[in-house]
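Chains, contacts and geometry: an overview
What follows is each chain in one-letter form.
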Amino acid sequence: MTCETIPLQTQPQLDPVTVEQQRSLSDNQNEIAHQLALIARATARACGPYLRWARLQDLRVDNKSSEHDPVTVHDKTVETAITQILGYFLPGSRVLGEEHGEQLLPGGKPQLPERIQLPELEPHPDVRSLGSRVRWIVDPIDGTANFAAGMTYFNTSIAAELDGQVVAGAIHVPCEQETFWANAERGYLENERGFFALESSGPTREIEALLLTYHPILTQVKTHPEVTFEVLGELIETCRALRRPGAAALDLANIAAGRAGAFFATSVKPWDVAAGLHLVQVSGGTSYTHPMGTTTPAGLGPGVVAACAGLEVPKLKKLLDQLAAQY
């Protein structure tokens, strides 16, 4: 059941600094995480007007690793803007971005493109001094193929790690003007109808679940066709219906909001899932990840199974392990 049934009567705190918070935050990790969440939220939302405009322009689409991996000039433009904004609010922090890799953010006044405005925020001095303890994980346009085709199912995703642990995240959907975001303890859905507690609930059996999946991928079809199609058949049988929407971060946000039951993928990158998996976990859902023969840090893929609160997914986990055995 979607979390949008009962709006919150009191909206979450959106001002990073209040009189009470002028005290030191060095011993308050939850408050630090909340302020990182507010920075991620404001930065992701700031890119919305630009992306709504850019989607309707005549786009030139280039390829990265293959023709199945598109990129546009707007992916790069938005990621640059995001890194400048994050560096302005938290100089010396690090960022891992889909388009420009990992880098240290020096700070300074951002030089932003038209339609992206610097958010009005004033983080606590203790947060601004965290430096390299914070790493942002950024996907400027999650769902680039959708975006390039003119579809509206895409988003901007920003997660915040503190000392190597994801503690906050935000996913903004420009064309729906929705924002999913969470600190270390609570998650929220914010749209034109108000604020809603991000509480994941829905089916309690795998056969009742709407499964959002990115299996199979082309590499698996070519290298291990037999097991790849065997697992696909099992997925079709295990869940009520399969969908491949094209934006993993937004898929996970929809699970956190109770709009879908489960998620299954074998080749996602950290920027695809860092914020979304945090939203799922904070909303009461569960996740299971597998390195799939890579050195990706635990909890960030590339093999991922996620489910809404109350849904046990033993068959999906077993199928992911079955595919992982091929690596």
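An unreviewed UniProt entry annotates the protein as Inositol monophosphatase family protein of Gleimia hominis.

Position of Pro91 relative to the elements: it lies in the loop between helix H3 (73-89) and strand S3 (94-97). Its relative accessible area of 30% is what places Pro91 among the partly exposed residues. Note: C-alpha distance between Pro91 and Leu104 (13 residues apart in sequence) is 8.6 Å. Once residues lying within four places of it in the same chain are set aside, the contact partners of Pro91 are Leu105, Pro106, Gly107, Arg128 and Gly131.

Moving on, we get to the pairing of strand S5 (residues 134-142). For S5, the buried fraction is high: nine of the nine residues fall into the buried class. Alignment of S3 against S5, held across four bridges, turns out to be parallel. Directly across from Arg94, in S5, lies its bridge partner Arg135. Note: S5 against strand S6 (residues 155-162), seven bridges, orientation antiparallel. Counterpart to Val134 in the pairing with S6 is Leu162.

Moving on, we get to the packing of helix H8 (residues 248-256) against helix H9 (residues 270-282). Any two packed helices are characterised by the angle at which their axes cross and by the distance between the axes. Packing of H8 against H9 leaves a shortest axis separation of 8 Å and a crossing angle of 0 degrees. Classified by the angle their axes make, H8 and H9 are roughly parallel. Each of Ala248, Ala249, Leu252, Ala253, Ile255 and Ala256 in H8 lies in contact with H9, whose residues at this interface are Asp272, Val273, Gly276, Leu277, Leu279 and Val280. The residue makeup of the contact of H8 with H9, split by class, is ten nonpolar, one polar and one charged.

Considering the arrangement of structural elements, one finds Asn191 in strand S9 (residues 187-191). Spatially, the C-alpha atoms of Asn191 and Leu319 are 36 Å apart, while their sequence positions differ by 128 residues. The residues contacting Asn191, other than those within four sequence positions of it, are Glu4, Gln177, Glu178 and Phe196. At a separation of 3.2 Å, a polar atom in the side chain of Asn191 contacts the side chain of Glu178.

With that settled, the discussion passes to the sheet that holds strand S7 (residues 165-173). The pairing of strands in a sheet happens through backbone hydrogen bonds and is either parallel or antiparallel. Pairing in this open sheet of eight strands is mixed, and the strands run S4-S3-S5-S6-S7-S8-S9-S10 from one edge to the other. Both edges of this open sheet fall to strand S4 (101-104) and strand S10 (194-197), since each of them pairs with a single strand only. Neighbour to neighbour, the strand axes of the sheet diverge by 15 degrees on average, direction disregarded. Seen against the sheet, helix H1 (residues 29-46) touches S5, S6, S7, strand S8 (178-182) and S9 and runs at an angle of roughly 25 degrees to S7. Helix-sheet contacts for H9 involve S3, S5, S6, S7, S8 and S9, and the interaxial angle to S7 is about 100 degrees.

Per the counting criterion, the structure on display carries twelve salt bridges. The shortest N-O distance in the salt bridge between Lys64 and Glu99 comes to 3.4 Å. Here Lys64, found in the loop between strand S1 (61-63) and strand S2 (70-72), pairs with Glu99, found in the loop between S3 and S4; they are 35 residues apart in sequence, far enough to count as distant. Judged by relative accessible area, which is 33%, Lys64 ranks as partly exposed. Of the residues examined, Glu99 reaches a relative accessible area of 17% and is grouped as buried. One network of salt bridges, in which partners are shared, links Arg94, Glu102, Arg135 and Glu161.

As a packed pair, helix H7 (residues 225-238) and helix H10 (residues 314-324) sit with axes 10 Å apart at the nearest point and diverge in direction by 175 degrees. The orientation of H7 relative to H10 falls into the category roughly antiparallel. For the pair H7 and H10, the contacting residues are Val227, Thr228, Glu230, Val231, Glu234, Leu235 and Thr238 in the first and Lys315, Leu316, Leu319, Gln322 and Leu323 in the second. Its residues assigned to classes, the contact of H7 with H10 shows six nonpolar, three polar and three charged.

Across all of its chains, the model carries five aromatic pairs by this definition. An angle of 65 degrees between the planes, with centres 5.4 Å apart, marks the rings of Tyr88 and Phe89 as edge-to-face.

To continue, consider the nonpolar core. In summary, soluble globular proteins display a tendency toward joint burial of nonpolar side chains. Phe180, Leu198, Phe263, Phe264, Leu279 and Leu316 are the most contacted members of the largest nonpolar core, which totals 57 residues. At eight residues, H9 tops the list of elements feeding residues into this core. The contact partners of Leu198, leaving out residues within four places of it in the chain, are Cys3, Phe180, Gly187, Tyr188, Leu189, Ala256, Ala257, Leu279 and Ser283. If you look at the next biggest cluster of nonpolar residues, it comprises 43 residues, including Ile39, Leu121, Ile141 and Ala170.

What counts and how
- Residues numbered from 1 in each chain as written.
- Predicted model: local features only at pLDDT ≥ 70, side-chain atom pairs only at ≥ 80, totals over all residues.
- Heavy atoms only, no water.
- Helix = DSSP H or I, 4+ residues; strand = E, 2+ residues; numbered from the N terminus.
- Buried < 20%, exposed > 50% of the residue type's maximum accessible area, 1.4 Å probe, protein only.
- Contact = heavy atoms within 4.5 Å.
- Pairing = 2+ DSSP bridges.
- Axes fitted to C-alpha atoms, helices over the stretch in contact; angles between N-to-C directions.
- Parallel < 35°, antiparallel > 145°, perpendicular 65-115°, else oblique.
- Nonpolar A, V, L, I, M, F, W, Y, C, P; charged D, E, K, R; others polar.
- Polar contact = N/O pair within 3.5 Å; in protein donor to acceptor, adjacent residues only side chain to side chain.
- Salt bridge = Lys/Arg side-chain N within 4 Å of Asp/Glu carboxyl O.
- Phe/Tyr/Trp six-rings, centres within 6.5 Å; stacked < 30°, edge-to-face > 60°.
- Core = buried A, V, L, I, M, F, W, Y, C linked by side-chain atoms within 4.5 Å.

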